Amino acid sequence: MISIADLKQVYRDGATTHAALRGVSVEVAAGEFLALLGPSGCGKTTLLRCIAGLTEPESGTIAIDGETVYSAAEHINVPARMRDIGMVFQSYAIWPHMTVAQNAAFPLRYRRPELGAGQVRERTAEVLRLVHLDALADRPAPALSGGQQQRLALARALISDPKVLLLDEPLSNLDARLREEMRFELRALTKRLGVTTILVTHEQAEALSLADVVAVMDDGRFMQISSPRDLYDRPRTEFVAGFVGRANLVPAEVIATAAGGSAQWVSVSTPYGVVECYTERPRAAGERATLAVQPEALAIVPAGGDLHGAVTGTVEGAAFIGDATELVVRVGDTVLVAKVATTDAPAAGAAVAVRIRAQTCTLLS
Ligand SMILES: Nc1ncnc2c1ncn2[C@@H]1O[C@H](COP(=O)(O)OP(=O)(O)OP(=O)(O)O)[C@@H](O)[C@H]1O
Ligand SMILES: [Mg+2]
């Protein structure tokens, strides 16, 4: 549905230039939900604006539903209003002088000029019902809460029934509870409508919970494009392991291919014991690599428990975060971050034994 190939974009400001996109390529299937996840300034908004036709790239191609909307080589650049796209901007961009219904209906003026007043009213009511704002249709738009404005921006993006929905941090201004509610609603809504969606976020929980596929960006490049599960369980680089989750990066040396003979499971020796872990490519014995150990891959051995394969350390800090507790455990001159169920959490200062759980970690490439 959306096909982006080797897209590059450079901002020029007088003599200084900044490469915001350094050759990104991605395919998004029809009806698929893609999240662009990356730190501030990595080029997420720039990419979204290029797809929408609001920023002209430097080179590469963009095709939507089989139609090339941008190609530097072929000198094609379809204007934004001719692209079949609905967009929610980070700032919502809601018109303050209009009512809720007038805001929602606005894109129909240029997208569906053939519609009569009755049809516009009907379509507006329908889309406001979809985002649960039908009761507020006649209210002036500024008299909405942040969450309601967010829904209104979504209604406006959906009203012309676009093939593609682009969302730039649409949930960032909501409180934690509303944000979680809207996450579920947003995913359910896009799936019900079958609209191909790209969402920009710098929050990993949002990307992992909403998307079918996550593209992790850094400094104008895609670092990894994977399913949420694979991204978390099978990161390929230190950047992804650190940005998605909070992996401990542990030096490791391959001992042998694990029992069963699968080349994807190998035993490695680490300062915290020998552990069986996943590797994307086959490894030779003696090869050195970094092991990504997510905090919940560390188990605290209970007092009197089996110490085989465990190392001992001291709890330097314990942060209660509700159902779980994050521990900083000092082992020799290194520290490990562990996440355990609060009911099992040792107190700060306690001497503990920790073990890396078998088959929970990945060797980085
Ligand atoms: N109009 C502009 N002129 C010059 N540089 C720009 C312009 N817009 C963005 N940039 C720069 O390009 C880079 C990418 O910006 P972009 O807005 O795409 O980042 P982002 O990933 O959306 O970040 P954030 O998460 O903070 O919104 C940044 O370094 C930014 O400073
Ligand atoms: Mg941005």
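Residues numbered from 1 in each chain as written. Chains lettered and ligands numbered in written order. Predicted model: local features only at pLDDT ≥ 70, side-chain atom pairs only at ≥ 80, totals over all residues. Heavy atoms only, no water.

K.L.:
Residue-level account of the overall build of the protein, with values.
P.N.:
Along the protein, the regular secondary structure elements total nine helices and 21 strands. Seen through its C-alpha atoms, the protein measures out along the principal axes to roughly 75 × 50 × 45 Å. Looking at the protein residue by residue over its 365 residues, the buried ones come to 46%. For the protein, restricting intrachain contacts to residue pairs at least 6 apart in sequence, the fraction spanning at least 24 positions comes to 63%. (Helix = DSSP H or I, 4+ residues; strand = E, 2+ residues; numbered from the N terminus. Buried < 20%, exposed > 50% of the residue type's maximum accessible area, 1.4 Å probe, protein only. Contact = heavy atoms within 4.5 Å.)

K.L.:
Go over the layout of surface pockets, please, and point to the residues and values.
P.N.:
Here the largest pocket defines a volume of roughly 400 Å³. Lining the largest pocket are 17 residues, with M87, F89, P107, Y110 and R111 positioned closest to its centre. Counting only elements with at least two residues in the lining of the largest pocket, the list comes to β7 (85-88), α3 (108-111) and α5 (146-158). The leading source of residues in the lining of the largest pocket is β7, at three residues. Of the residues contributing to the lining of the largest pocket, the split by class is twelve nonpolar, two polar and three charged. (1 Å grid on protein atoms, 1.4 Å probe; cavity = no way out; pocket = protein on both sides within 12 Å on 5 of 7 lines; lining within 4 Å. Points joined across faces, edges and corners; volume = space filled by probe spheres on them. Nonpolar A, V, L, I, M, F, W, Y, C, P; charged D, E, K, R; others polar.)

K.L.:
Run through the state of the cysteines, naming residues and quoting values.
P.N.:
Enumeration according to the criterion identifies zero disulfides in this entry. No disulfide involves C50; its sulfur sits 13 Å from that of C42, the nearest cysteine. Its relative accessible area of 1% is what places C50 among the buried residues. (Disulfide = S-S within 2.5 Å.)

K.L.:
Break down the site of ligand 1 for me, with residues and values.
P.N.:
Taken together, Y11, H18, A20, P39, S40, G41, C42, G43, K44, T45, T46 and E169 make up the full set of residues near ligand 1. The side chain of S40 places a nitrogen or oxygen atom 2.5 Å from an oxygen atom of ligand 1. Out of a free accessible area of 640 Å², ligand 1 has 61% covered by protein chains. Put simply, the parts of the chain that give the shell around ligand 1 at least two residues each are β2 (16-28) and α1 (44-52). Top element by residues in the shell around ligand 1 is α1. It accounts for three residues. Considered class by class, the residues forming the shell around ligand 1 number four nonpolar, six polar and two charged. (Near = heavy atom within 4 Å. Polar contact = N/O pair within 3.5 Å; in protein donor to acceptor, adjacent residues only side chain to side chain. Areas by Shrake-Rupley, 256 points an atom, 1.4 Å probe, with all protein chains shown as cover.)

K.L.:
Which residues make up the pattern of salt bridges, and what values go with them?
P.N.:
Scanning the entire structure with this criterion turns up 18 salt bridges. For E181, the salt bridge identified is with R177, shortest N-O distance 3.8 Å. Of this pair, E181 and R177 both sit in helix α6 (residues 176-193), four residues apart, which is roughly one turn of that helix. The class of E181 is partly exposed, set by a relative accessible area of 34%. Residue classification places R177 among the exposed residues on the basis of a relative accessible area of 66%. Salt bridges sharing partners connect three or more residues here, namely D65, D84 and K163. (Salt bridge = Lys/Arg side-chain N within 4 Å of Asp/Glu carboxyl O.)

K.L.:
Please set out the sheet that holds β7 residue by residue, giving values where relevant.
P.N.:
Sheet architecture is open: six strands sit in the order β7-β8-β9-β3-β10-β11, paired in mixed fashion. Lying at the two open borders of the sheet, with one neighbouring strand each, are β7 and β11 (221-226). Strand-to-strand twist of the sheet, defined as the mean angle between neighbouring strand axes without regard to direction, takes the value 15°. Together, β7 and β8 (164-168) form the strand contacts of α5, whose direction differs from that of β7 by roughly 170°. Relative to strand β3 (residues 33-37), α6 is tilted by about 140°, and along the sheet it contacts β3, β8 and β9 (196-201). (Pairing = 2+ DSSP bridges. Axes fitted to C-alpha atoms, helices over the stretch in contact; angles between N-to-C directions.)

K.L.:
Report on the domain arrangement of the protein, specifying residues and quantitative values.
P.N.:
Domain annotation for the protein reports domain 1 (2-238) and domain 2 (246-363). One C-alpha centre belongs to domain 1, the other to domain 2, and the line joining them spans 39 Å. With six residues of domain 1 in contact, the opposing surface of domain 2 contributes nine residues. Roughly 710 Å² is buried in total at the junction of domain 1 and domain 2, and carbon and sulfur atoms are behind 45% of that figure. Considering only the surface of domain 1 that becomes buried against domain 2, Y232, R234 and E238 emerge as the three largest contributors, covering 66% of it. Seen at the junction of domain 1 and domain 2, the total is one salt bridge. (Domains from an automatic or database assignment. Buried area = accessible area lost by both parts, 1.4 Å probe.)

K.L.:
Quick rundown of the side chain of R183? Include the residues and the values.
P.N.:
Among the structural elements, R183 can be located in helix α6. It turns out R183 is buried and unbridged, and the closest side chain with the opposite charge, E203, is 4.0 Å from it. (Lys, Arg positive; Asp, Glu negative; His and termini not counted.)

K.L.:
Residues and numbers for the pairing of β8, please.
P.N.:
For β8, the tally of buried residues reaches five of five residues, placing the bulk of the element in the interior. Of the two faces of β8, the one carrying V164, L166 and D168 and the one carrying L165 and L167 are both buried. Examined bridge by bridge, β7 and β8 share four bridges and lie parallel to one another. Of the residues in β8, the one forming a bridge with M87 is L166. Taken together, the five bridges between β8 and β9 define a ladder with parallel strand orientation. Within β9, the position partnered with V164 by the bridge is T196.

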